[in-house]
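The residues making up each chain are set out below.
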Amino acid sequence: MKLRHFFPLLAGISLGASVSAASIENQMPYLTLSDGSRIPQLGCGVWELNGQEAYKSVTESIKLGYRLIDTAQYYRNELETYQAVLDSGIPREEFYITTKLNPSNGSSEKNIRDSLDRSLKNLGGKIDLVLIHWPFSNDEMAWKIMEEYVQAGKFRSIGLSNYSPDALRRILKIAKVKPVLNQVELHPYNSKYPTVAEYEKEGVKVEAWSPLGAGRQGLLRDPVIADIAKAHGKSSAQVILRWDLQRGIITIPRSKNPAHIKENISIMDFQLSDEEMKQIDALNRDDALWDI
Ligand code: NAD
């Protein structure tokens, strides 16, 4: 088995067939980031969900065993996302919450600090991971400020989103606290093997946004993926998310539909073969959904 296809399961975790929330929690693979913290490898995204929708989607996701939640200042649903976490009654320490600094809040040191403080207030006073949403002119200043928040114990980790390898190296040059991950567009039509290797060489993990192609591009109807799905008795979405896990990629699909939320986490009970991984790899077209 090729190293990149090794599934990073924790020792002692079994691959059972059950999909109950408790067993999914037990089976959820975690990755260790460069600062020693651990992140669930599968979570839920809340982009394009309004407050009420985000609350419902996160509530349903938590019931089914999701613990990683990906919000952003830009999505305007931090408050409702956190309310769902609070209302779950599950200890906060079991969750891994990510938000992102919106570059349009980055025009001055004051604006950056104010927006980070607002996120802290929205998300209960401590955040697991704060990313810079995309590169912008003041991002080195923002990084230095975010480092202070790590040192003050307000953020556990900090990272980047939508950074090319060169942009990542620019931040690494000035960083005292290293970015733990880079969240980038990644799905079978834009699989990014060479750039993922560059990030990983720098000790930066990769998290996939729009792992299902955002429901666009016909990815979920791709015949190669559909055939693999049929062979495993799974859906195309499940095959794609499983491909992420076996690549060592963190993945954060979004859904409002309880059946899809359940489907997306029910992927711990099957394994893609090397041959199937290669067939999916071969679908790459470097096809970016958005030019960020
Ligand atoms: P996605 O790839 O997760 O796809 C979402 C679409 O797929 C929705 O239309 C949903 O209804 C559908 N879907 C979900 N599960 C399905 C299933 N099992 N079967 C059939 N259809 C299914 O799209 P996304 O929301 O763009 O990306 C996921 C998350 O990544 C976002 O919610 C957000 O948190 C994050 N994101 C980050 C950035 C960034 O710039 N950092 C950009 C885009 C998204």
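As shown above, the structure is provided for reference.
Conventions and cut-offs
Residues numbered from 1 in each chain as written. Predicted model: local features only at pLDDT ≥ 70, side-chain atom pairs only at ≥ 80, totals over all residues. Heavy atoms only, no water. Salt bridge = Lys/Arg side-chain N within 4 Å of Asp/Glu carboxyl O. Helix = DSSP H or I, 4+ residues; strand = E, 2+ residues; numbered from the N terminus. Buried < 20%, exposed > 50% of the residue type's maximum accessible area, 1.4 Å probe, protein only. Near = heavy atom within 4 Å. Polar contact = N/O pair within 3.5 Å; in protein donor to acceptor, adjacent residues only side chain to side chain. Areas by Shrake-Rupley, 256 points an atom, 1.4 Å probe, with all protein chains shown as cover. Arc of directions from axis to C-beta. Contact = heavy atoms within 4.5 Å.

Asker: Run through the pattern of salt bridges, naming residues and quoting values.
Answerer: Going through the model one piece at a time under the given rule, you end up with 18 salt bridges. Between R254 and E48 there is a salt bridge whose closest N-O contact spans 3.6 Å. Of this pair, R254 sits in the loop between β10 (250-251) and α10 (258-265) while E48 sits in the loop between β3 (43-45) and α2 (51-63); the two residues are 206 residues apart in sequence, bridging distant segments of the chain. Look at R254 and you get partly exposed, because its relative accessible area is 32%. A salt bridge links D70 to K100; its shortest N-O distance comes to 2.7 Å. You can see D70 sitting in strand β4 (residues 68-70) and its partner K100 sitting in strand β5 (residues 96-101), a full 30 residues away along the chain. Given a relative accessible area of 0%, K100 falls into the buried group. Linked through salt bridges whose partners overlap, the residues forming this network are D166, R169, E198 and E202.

Asker: Help me get a handle on the site of the ligand, residues and values and all.
Answerer: Near the ligand, the surroundings consist of 26 residues, among which D70, S210, L212, R254 and N264 are the closest. Here an oxygen atom of the ligand sits 3.4 Å away from a polar atom, N or O, in the main chain of G213. Side-chain polar atom of N264 to a nitrogen atom of the ligand: 2.8 Å apart, as the coordinates give it. For the ligand, the accessible surface in isolation is 840 Å², of which the surrounding protein chains cover 88%. With three residues, α10 is the largest single contributor of residues to the shell around the ligand.

Asker: Which residues make up helix α3 (residues 78-88), and what are the values?
Answerer: Here α3 has its buried residues at E78, T81, Y82, A84 and V85. Buried residues in α3, looked at end-on, bunch into an arc of 150 degrees, giving them a common side. If you follow the buried residues of α3, they end up packed against α2, β4, β5 and α4 (109-122). Looking one or two places after α3, you find G89, whose phi comes out positive at around 75 degrees.

Asker: Describe in detail unusual backbone geometry, supporting the description with residues and values.
Answerer: In the Ramachandran plot, E48 falls in the positive-phi region, its phi being about 65 degrees despite a non-glycine side chain. A relative accessible area of 46% means that E48 is categorised as partly exposed. Its identity is not glycine, yet D286 carries a phi of approximately 50 degrees, on the positive side. Tracing the backbone through its elements, the reader meets D286 in the segment after α11 (274-281). Overall, D286 belongs to the exposed group, its relative accessible area being 57%.

Asker: Summarise the environment of I62; cite the residues concerned and give the values.
Answerer: Within the secondary structure, I62 is located in helix α2. Judged by relative accessible area, I62 falls into the buried class, the value being 3%. Residues I62 and A84, 22 residues apart in the sequence, show an inter-C-alpha distance of 8.3 Å.

Worth remembering: the numbers are spatial, not functional.
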